[in-house]
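# Structure assessment
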Amino acid sequence: MNERVAIVGLGWTGFRPVTPEVSYRELMYDAALRAYTDAGVDPRRDVESFVTVAEDFHEGTSIFDEYVPDQLGAALKSMHTICGDGLHGLATAYMLVRTGQFDIVAIEGHSKASNLLTIDEVTAYAQDPVLNRPLRFNTHFVAGMEMNRYLHETGTTREQCAAVVVKNRYNALANPSAPYGANLALADVLSGPMLSSPLGHREAAEHADGAIAMVLASEEKARHLTDKPIWIEGVGWCNDSPSLESRDWGQATYTQEAARMAYRQAGINNPLQMIDFAEVDDIYAYKELQTLEALGFFRPGEAGELTADGFTTPEGELPVNVSGGSLGWGHLLDATGLARALEVVLQLRGEAGARQLEDVEVGLVQSWRGIPTTSGAVAILSN
Amino acid sequence: MTLLKRDPKAPQAWLGNLPVTSRYTFGLGGERFFRSIKDEGEILGTHCPKCDRTYVPSTIFCERCLGKLEEWVDVGTTGNVHTFTLLYENYDGSHREEPEIIAFVSIGDGGLVHRLGDVEPEEVEIGMEVEVVFKPKAEREGSILDIVHFRPIA
């Protein structure tokens, strides 16, 4: 058994709304090469196992996992693809090292969303084929209904949700990898067209292309490879019922349970006191507020008011989505959780450039797999 | 049929598509649920005596205790709006001027997602009592579309 596991290498490419000049393979290759260089490992010699995350319909290829080894240096080696968010992939890679079976493992996730020409239909194909899909509703209705119930149960307002958009897109201006940076006023967000009321169009992340790769290692290897290992202190994941008929519409209970699992491993009993900053789901603005409450940072109904008051800005007491989040760098499909983890690693290494937070030691990553799922994961990282 | 053809407007990319057609069976629990809508105009749930939960639509197992469910319950044709939305996009992502009014209507410990009808968008509220409007019996096929919509109880 390897008691401790660290992230020792980091590579990414993007993020951009479109990448017409490159293929998904080249995006993956670019990110992977950077990660191996950063870690100082030879993928053919040193990396013992590889994990990727992908979903066939997002890729436009059946049995897509067969197409990933070459560009990662994983051909004729131990590798597998899981169908989940990037943070589920990170959890899987973590466990592979933790077992002691492997000492160096790579994880990769990517998005070529700009190539997916019928993304709304693909997402709708995830609805229950008998109960829900015959109604032919665009799947954003799930987010609209969830937001409405969340606002109803907690007293959170549309203005407070819009404050998330203003904050995250402003944060993105300091992130060279984030294409959707903007200096907006609340009124700019609120005056936009409706998507699925009370959810406005400008409260939903636009898509982006990119790839992220990381190298994980056992403590012994990590100490040898880097003087800046970022430790994985805890990981948790959880799903609520997929059924629209029996899920919890107001609260992200799956995130609450995923956090409980990660906190137990990391020894966290007071998240607000023990965690310095967080990168969490904001594919839709309300999700950031709902998630912060599910993570136990705030009580239900508090996140909106605190966000509007600046508590979660980079200068605030709990910086949230300093990277700009999905609203700032774009919805990266299955790679989303890895993009959030990327920012936490950069911050903990002190390599976040103009947006570097001071004196950070423990960061939280949380990710959601998007509509219509109830699939969440949480990781606690430290330096 | 697998198509891989050159897109004349985008010389650097190739287009491909796949007709995906699947048959979905809804199982023993779902079959009885839809037959009962079709033949009787009744909505069925199943009750778990151990968890004291009534699943709507009916299922043959309890997702909490994984017990087998054998108590079938006619749960009536009314419920209340647990949450709702006005949806401004079509299935394919194109914009729609007139929104769809969609609600999750609580019935028993479950409920149904469906359209709301005979109501103006601004009149819809969480908690509002609504009832099922079925298609005429002769037109019902045993599907979720046998329900036209839910409407407020006058």
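Described below are features of the structure shown in this document. (Residues numbered from 1 in each chain as written. Chains lettered and ligands numbered in written order. Predicted model: local features only at pLDDT ≥ 70, side-chain atom pairs only at ≥ 80, totals over all residues. Heavy atoms only, no water.)

For chain A, the count of helices and strands is 15 helices and eleven strands. The globule rule puts the C-alpha radius of gyration for 383 residues at 21 Å, and the 19 Å found for chain A is close to it. For chain A, the spread of C-alpha atoms along the three principal axes comes to 55 × 45 × 40 Å. Every one of the 383 residues in chain A was classed for burial, and the buried ones make up 64%. (Helix = DSSP H or I, 4+ residues; strand = E, 2+ residues; numbered from the N terminus. Rg over C-alpha atoms; globule rule 2.2 N^0.38 Å. Buried < 20%, exposed > 50% of the residue type's maximum accessible area, 1.4 Å probe, protein only.)

The next thing to look at is the pairing of strand S5 (residues 194-197) of chain A. In this structure, S5 of chain A lies alongside strand S6 (residues 199-200) of chain A, joined through two bridges in antiparallel fashion. Following the sheet pairing, serine 196 of chain A is matched in S6 of chain A by leucine 199 of chain A. In sequence, S5 of chain A turns back onto S6 of chain A through a hairpin of one residue. Two strands pair when backbone bridges link them, and S5 of chain A and strand S6 (residues 78-89) of chain B are joined in this way by two bridges, in the antiparallel orientation. Among the inter-strand pairings, serine 196 of chain A is bridged to a residue of S6 of chain B, identified as leucine 87 of chain B. (Pairing = 2+ DSSP bridges.)

Glancing now at the packing of aromatic side chains. Aromatic rings considered in pairs are described by the distance between their centres and by the relative angle of their planes. Per the stated rule, a full pass over the model turns up twelve aromatic pairs over all chains. Seen from their ring centres, phenylalanine 26 of chain B and phenylalanine 34 of chain B are 5.5 Å apart, and the 35 degrees between their planes marks the pair as tilted. Classification of phenylalanine 26 of chain B by relative accessible area gives partly exposed; the value is 26%. The exposure class assigned to phenylalanine 34 of chain B is buried, which follows from its relative accessible area of 6%. One aromatic cluster is present, formed by Tyr24, Phe64 and Tyr67 of chain A through successive ring pairs. Lying over the aromatic face of tryptophan 231 of chain A, arginine 4 of chain A brings its terminal NZ or CZ to 4.1 Å of the ring centre. Taking the ring centre of tryptophan 249 of chain A as reference, the NZ or CZ of arginine 247 of chain A above it sits at 5.7 Å. (Phe/Tyr/Trp six-rings, centres within 6.5 Å; stacked < 30°, edge-to-face > 60°. Lys NZ or Arg CZ within 6 Å of the ring centre and 35° of its normal.)

The subject of this paragraph is the packing of helix H6 (residues 140-154) of chain A against helix H12 (residues 285-294) of chain A. All names here are of chain A. It is at 10 Å that the axes of H6 and H12 come closest, and there the two elements cross at 50 degrees. If you check the angle between H6 and H12, you find them oblique. Crossing handedness for the pair H6 and H12: left-handed. Residue-level inspection shows Ala143, Glu146, Met147, Tyr150 and Thr154 of H6 in contact with H12, the latter providing Tyr286, Lys287, Leu289, Gln290 and Glu293. Across the contact of H6 with H12, the residue classes tally to five nonpolar, two polar and three charged. (Axes fitted to C-alpha atoms, helices over the stretch in contact; angles between N-to-C directions. Parallel < 35°, antiparallel > 145°, perpendicular 65-115°, else oblique. Left-handed = near helix turned anticlockwise from the far one by under 90°. Contact = heavy atoms within 4.5 Å. Nonpolar A, V, L, I, M, F, W, Y, C, P; charged D, E, K, R; others polar.)

Quick look at the sheet that holds strand S9 (residues 277-279) of chain A now. Residues and elements named next belong to chain A. Spatially, nine strands are ordered S3-S2-S4-S7-S1-S8-S11-S10-S9 in an open sheet, and the strand pairing comes out mixed. The open sheet has two free edges, formed respectively by strand S3 (78-82) and S9, since each of these has just one partner strand. Averaged over all neighbouring strand pairs, the angle between strand axes comes to 20 degrees, with direction disregarded. Of the pairings in the sheet, the one linking strand S2 (residues 49-53) to S3 comprises five bridges and is parallel in character. By the bridge assignment, serine 49 is partnered in S3 with serine 78. Along the sheet, helix H1 (residues 24-39) makes contact with strand S1 (5-16), S2, strand S4 (104-112) and strand S7 (209-218), crossing S1 at roughly 145 degrees. Its contacts with the sheet put helix H15 (residues 336-349) on S1, S4, S7, strand S8 (230-239), S9, strand S10 (362-368) and strand S11 (375-382), and the angle it makes with S10 is roughly 170 degrees.

What follows concerns the pattern of salt bridges. Residues and elements named next belong to chain A. Considering all chains together, one arrives at 24 salt bridges over all chains under this definition. The salt bridge involving glutamate 146 is made with lysine 287; its shortest N-O contact spans 2.7 Å. Residue glutamate 146 is located in helix H6, and its partner lysine 287 is located in helix H12; the two are separated by 141 residues in the primary sequence. The class for glutamate 146 is buried, based on a relative accessible area of 3%. Overall, lysine 287 belongs to the buried group, its relative accessible area being 1%. Across the pair lysine 167 and glutamate 288 runs a salt bridge, and its minimum N-O distance is 2.8 Å. One end of the pair, lysine 167, is in helix H7 (residues 158-172); the other, glutamate 288, is in helix H12, and 121 residues separate them in sequence. With relative accessibility at 7%, the residue lysine 167 sits in the buried group. (Salt bridge = Lys/Arg side-chain N within 4 Å of Asp/Glu carboxyl O.)

A separate point is the interface of chain A and chain B. With 34 residues of chain A in contact, the opposing surface of chain B contributes 35 residues. Inspection of the region where chain A meets chain B yields zero salt bridges. Summed over the shared surface of chain A and chain B, the number is 15 residue pairs in polar contact (both at pLDDT 80 or more). Among the elements of the structure, helix H5 (119-124), H6 and S5 of chain A are those that each provide at least two residues to the side of chain A that touches chain B. Among the elements that take part in the side of chain A that touches chain B, H6 of chain A stands out by supplying seven residues, more than any other. Each residue belonging to the side of chain A that touches chain B can be placed in one class, and the counts come to 16 nonpolar, eleven polar and seven charged. (Polar contact = N/O pair within 3.5 Å; in protein donor to acceptor, adjacent residues only side chain to side chain.)

This paragraph deals with helix H10 (residues 253-266) of chain A. Residues and elements named next belong to chain A. Across its 14 residues, H10 extends 20 Å between first and last C-alpha, which sits within 8% of the 20 Å expected from 1.5 Å per residue. Within H10, the full set of buried residues consists of Tyr254, Thr255, Ala258, Ala259, Ala262 and Tyr263. One side of H10 holds all its buried residues, which, seen down the axis, span an arc of 160 degrees. Each element contacted by the buried residues of H10 is listed here: S8, helix H11 (271-274), H12, S10 and S11. Phi turns positive one or two residues past the end of H10, at glycine 267, with a value near 70 degrees. (Expected span 1.5 Å × (residues − 1). Arc of directions from axis to C-beta.)

Residues and elements named next belong to chain B. Together, Leu28, Ile60, Phe61 and Leu66 line one region of the surface with nonpolar side chains, adding up to about 440 Å² of accessible area. Within the fold, isoleucine 60 resides in the loop between strand S4 (53-55) and strand S5 (71-74). Residue classification places isoleucine 60 among the partly exposed positions, given a relative accessible area of 31%. (Patch = residues over 30% accessible without salt bridge, like charges linked within 9 Å, V, L, I, M, F, W, Y side chains within 5 Å. Areas by Shrake-Rupley, 256 points an atom, 1.4 Å probe, with all protein chains shown as cover.)

Considering the arrangement of structural elements, one finds glutamate 122 of chain B in the loop between strand S8 (110-115) and strand S9 (129-134). Measuring from C-alpha to C-alpha, the distance between glutamate 122 of chain B and leucine 86 of chain B comes to 9.7 Å, with 36 residues separating the pair along the chain.

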